[in-house]
Amino acid sequence: MKGIEIMVEVTVTVEYKGRNYQTNVLVNRSAMEEEIFTAALNQVKEQWTPEMNYR
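Along each chain, numbering runs from 1 in the same order as the chain's sequence is written. Restriction of local features to residues with pLDDT of at least 70 applies here, the model being predicted, together with a cutoff of 80 or more for giving and counting side-chain atom pairs; totals for whole chains, interfaces and linings are based on all residues. For side-chain calculations, the full set of non-hydrogen atoms in the structure is used, while hydrogens and water are omitted.

- Where an unreviewed UniProt entry is consulted, the protein chain appears under the name BA3454 family stress response protein, with the organism given as Peribacillus deserti.

### Here's the deal with unusual backbone geometry
- One non-glycine residue, Lys 17, adopts positive backbone phi at about 55°.
- Following the sequence through the fold, Lys 17 ends up in the loop between β1 (7–16) and β2 (19–28). Strands here are runs of E lasting at least two residues and helices are runs of H or I lasting at least four, both read from the DSSP assignment and numbered beginning at the N terminus.

### Observations regarding the side chain of Thr 23
- In this structure, Thr 23 sits in strand β2.
- Every residue pair with non-hydrogen atoms within 4.5 Å of one another is taken to be in contact. The contact partners of Thr 23, leaving out residues within four places of it in the chain, are Val 10, Thr 11, Val 12, Ala 40, Gln 43 and Val 44.

### Some remarks on the pairing of β1
- Looking at chain direction, β1 and β2 are connected through 10 bridges and run antiparallel. Looking at the pairing, Val 14 lines up with Tyr 21 of β2. We treat two strands as partners when DSSP finds at least two bridges between them.

### Here we look at the environment of Val 12
- For Val 12, the location among the structural elements is in strand β1.
- When the C-alpha atoms of Val 12 and Gln 22 are compared, they prove to be 5.6 Å apart, with 10 residues separating the residues in sequence.
- Once residues within four sequence positions are removed from consideration, Val 12 is found in contact with Tyr 21, Gln 22, Thr 23, Val 25, Ile 36, Phe 37 and Ala 40.

Put into structure tokens, the structure is as follows:
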């Protein structure tokens, strides 16, 4: 199927602020390891940053 990207769910463990977090990320099947790790780390940072304002 031309033009359709195949996404996969990957479970990644990342270290953030001295603690280990396990998270799932959806990435393009052809994503490189560094790209997957970066997506996972950004997701954990967003979820565990105390400065987030909930409205």
